[in-house]
Amino acid sequence: MADLTGSEGGGLLRLFRGVPGGHLGLLALLAALLLLFALLVPGFLSQGTLNSFMYQLPLLGLLSLAMVVPLLTGGLNLAIIATMNQCALLMVWIMRTLLAPDAGSATVIGVIALAMVAGLLLCVVIGLVTGALVAYTGVHPILVTLGTKSLIDGISIYLTRGMALSGVPEPLSAALNASFFGVPLIFLLLVVAAILVGIVLKHTPFGIACAMIGSNIEATRYSAIDTRRVLVGVYTLSSVTCFFAALVVLGTFNSASADYAQSYLLVTILAAVLGGVDPFGGFGTVSGLMIALAILQVISSGLNQFGISNYLTVAIWGGTLIGVVLAQTAWAAFAPFRRRK
């Protein structure tokens with residue numbers, strides 16, 4: 001096994017104990033933003049804002065989870081949104097094709113279940129193929145996933161002629177828009193997915209292998225770990241997470257399209273890096289990602305209520321990331337001086 005206390009395993013140790021003060025800094029930034037918008041925007045800290053937060057965050061959150069898994073290994077999955085949209089399109093197509101207007105409740109439930117199984121299997125197949133290409137060809141994940149993204153988007157656009165497909169059955173739409181004690185089901189779906197992915201990445205041999213691959217893939221191979229098998233699993237898990245994002249799309253838009261959420265691709269990387277995920281792999285925590293997502297959503301909600309254009313929000317998100325990176329760089333640069341004291 002690799003020496004986990006050396007430079008090759010430092011990222012693995014950080015995965016378990018977290019970056020000292022890293023989450024505290026993110027929490028402090030989140031608290032400062034909440035206070036700022038509370039002072040500038042009347043009624044910002046209200047139930048309405050919280051409800052908007054819980055309805056808007058799940059889609060970006062699930063896509064960010066799908067991006068974090070390959071990022072941890074030093075890779076990238078540019079096909080997450082294409083995978084999500086094609087999965088949603090397949091499920092809607094099955095439901096609108098097989099359901100007659102006078103179908104009974106048992107038939108409706110059966111077709112919905114069939115559509116969901118088909119969507120999940122599609123995501124698994126896309127993940128397996130993408131992972132196999134990354135693991136066995138040696139081509140960089142950016143090129144592989146850019147190719148799969150273009151292929152999936154092209155197929156989706158060709159089959160739908162670029163049109164949105166509607167026809168989500170009422171029982172499924174009602175279920176996805178349901179709330180439990182005031183908490184939307186889609187937000188609970190994000191919470192459950194985050195907990196499960198966090199457990200997998202932090203407390204399983206698979207998660208340990210992911211961090212080791214991101215830190216040093218060659219050393220990981222010498223540790224008797226089948227890196228190819230792990231990489232296939234990484235992209236499969238990433239694609240399966242897209243299935244749950246597809247369910248959120250159906251609940252939010254009541255339709256499916258190849259164009260939905262295309263602007264979220266780079267934002268998922270921004271959220272991951274802001275949350276402390278090393279873009280070169282080896283370290284990252286789901287808890288940091290969730291705090292970063294909350295920061296981005298607070299900025300978005302605050303600016304919207306303040307009357308600032310949504311187009312400027314993305315620029316401010318980017319500026320926030322640059323500011324955090326500069327703060328982290330300065331903190332690291334002054335580390336020797338702090339130790340002397």
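Residues numbered from 1 in each chain as written. Predicted model: local features only at pLDDT ≥ 70, side-chain atom pairs only at ≥ 80, totals over all residues. Heavy atoms only, no water.

Visitor: If you had to explain the overall build of the protein to someone new, which residues and values would you point to?
Guide: Helix and strand counts for the protein stand at 15 helices and four strands. For 341 residues, the compact-globule estimate of 2.2 N^0.38 gives 20 Å, and the C-alpha radius of gyration of the protein, at 21 Å, lies within 12% of that figure. Here the C-alpha coordinates of the protein stretch approximately 75 × 55 × 35 Å along the principal axes. In the protein, which comprises 341 residues, the share counted as buried stands at 48%. Of the contacts made within the protein by residues no fewer than 6 positions apart, 79% connect residues no fewer than 24 positions apart. Of the roughly 16,300 Å² of accessible surface on the protein, a fraction of 71% belongs to carbon and sulfur atoms. Across the protein, the centroid of the 13 positively charged side chains sits 13 Å from that of the 9 negatively charged ones. (Helix = DSSP H or I, 4+ residues; strand = E, 2+ residues; numbered from the N terminus. Rg over C-alpha atoms; globule rule 2.2 N^0.38 Å. Buried < 20%, exposed > 50% of the residue type's maximum accessible area, 1.4 Å probe, protein only. Contact = heavy atoms within 4.5 Å. Areas by Shrake-Rupley, 256 points an atom, 1.4 Å probe, with all protein chains shown as cover. Lys, Arg positive; Asp, Glu negative; His and termini not counted. Charge placed at Lys NZ, Arg CZ, Asp CG, Glu CD.)

Visitor: Lay out the nonpolar core in plain terms, naming residues and giving numbers.
Guide: Leu65, Met84, Met91, Met95 and Leu250 are the most contacted members of the largest nonpolar core, which has 94 residues in total. No other element matches helix α3 (residues 47–72), which puts 14 residues into this core. Apart from residues lying up to four places away in sequence, Met84 is in contact with Leu59, Leu63, Cys242, Ala245, Ala246, Val249, Tyr260 and Ala261. Ala82, Leu122, Ile126 and Ile152 belong to the second largest nonpolar core, which has five residues in total. (Core = buried A, V, L, I, M, F, W, Y, C linked by side-chain atoms within 4.5 Å.)

Visitor: Break down a nonpolar patch on the surface for me, with residues and values.
Guide: Taken together, the side chains of Leu35, Leu36, Leu39, Leu40 and Phe306 make up a nonpolar region of the molecular surface, amounting to roughly 530 Å² of accessible area. Assignment of secondary structure puts Leu35 in helix α2 (residues 22–40). (Patch = residues over 30% accessible without salt bridge, like charges linked within 9 Å, V, L, I, M, F, W, Y side chains within 5 Å. Salt bridge = Lys/Arg side-chain N within 4 Å of Asp/Glu carboxyl O.)

Visitor: Explain the pattern of salt bridges residue by residue, including any values.
Guide: Tallied over the entire structure, the rule returns two salt bridges. The closest approach of N and O atoms between Lys149 and Asp153, which form a salt bridge, is 3.1 Å. Remark: Asp153 and Lys149 occur in helix α6 (residues 141–160); sequence separation between them is four residues, near one turn of the helix.

Visitor: How would you summarise the side chain of Asn77 if you had to cite specific residues and measurements?
Guide: In this fold, Asn77 is placed in the loop between α3 and α4 (80–98). Separated by 3.0 Å, the side chain of Asn77 and the backbone nitrogen of Ala79 make a polar contact. When near neighbours in sequence (up to four residues on either side) are disregarded, Asn77 contacts Met67, Pro70, Thr145, Tyr235, Ser238, Ser239 and Leu265. (Polar contact = N/O pair within 3.5 Å; in protein donor to acceptor, adjacent residues only side chain to side chain.)

Visitor: Provide a residue-level description of the packing of α3 against helix α13 (residues 286–305), including the pertinent values.
Guide: One way to put it is that α3 packs onto α13 with a least axis distance of 9 Å and a crossing angle of 135°. Looking at the two axes, α3 sits oblique to α13. Classified by chirality, the crossing of α13 by α3 is right-handed. In contact with Thr49, Phe53, Gln56, Leu57, Leu60, Gly61, Ser64, Leu65 and Val68 of α3, α13 contributes Val286, Leu289, Met290, Leu293, Ala294, Gln297, Val298, Ser301 and Gln305. Residue classes in the contact of α3 with α13 are distributed as 11 nonpolar, seven polar and no charged. (Axes fitted to C-alpha atoms, helices over the stretch in contact; angles between N-to-C directions. Parallel < 35°, antiparallel > 145°, perpendicular 65-115°, else oblique. Left-handed = near helix turned anticlockwise from the far one by under 90°. Nonpolar A, V, L, I, M, F, W, Y, C, P; charged D, E, K, R; others polar.)

Visitor: Before we move on, can you summarise helix α11 (residues 227–253) with the specific residues and values?
Guide: Under the 1.5 Å per step criterion, the end-to-end length of α11 is 39 Å for 27 residues, consistent within 8% with the ideal 39 Å. Counting buried residues along α11, 20 of its 27 residues qualify, which places the element largely inside the surrounding structure. Just downstream of α11 lies Asn254, where phi reads positive at about 60°. (Expected span 1.5 Å × (residues − 1).)

Visitor: Kindly report on the packing of aromatic side chains, identifying the contributing residues and their values.
Guide: Applying the stated rule across the entire model yields three aromatic pairs. Here the aromatic rings of Phe37 and Phe44 are separated by 5.5 Å at their centres, their planes lie at 40°, and the arrangement is tilted. As far as the burial class goes, Phe37 and Phe44 line up, both buried. Stacked on the ring of Tyr158, the Lys or Arg Arg161 has its end atom at 4.8 Å from the ring centre. (Phe/Tyr/Trp six-rings, centres within 6.5 Å; stacked < 30°, edge-to-face > 60°. Lys NZ or Arg CZ within 6 Å of the ring centre and 35° of its normal.)

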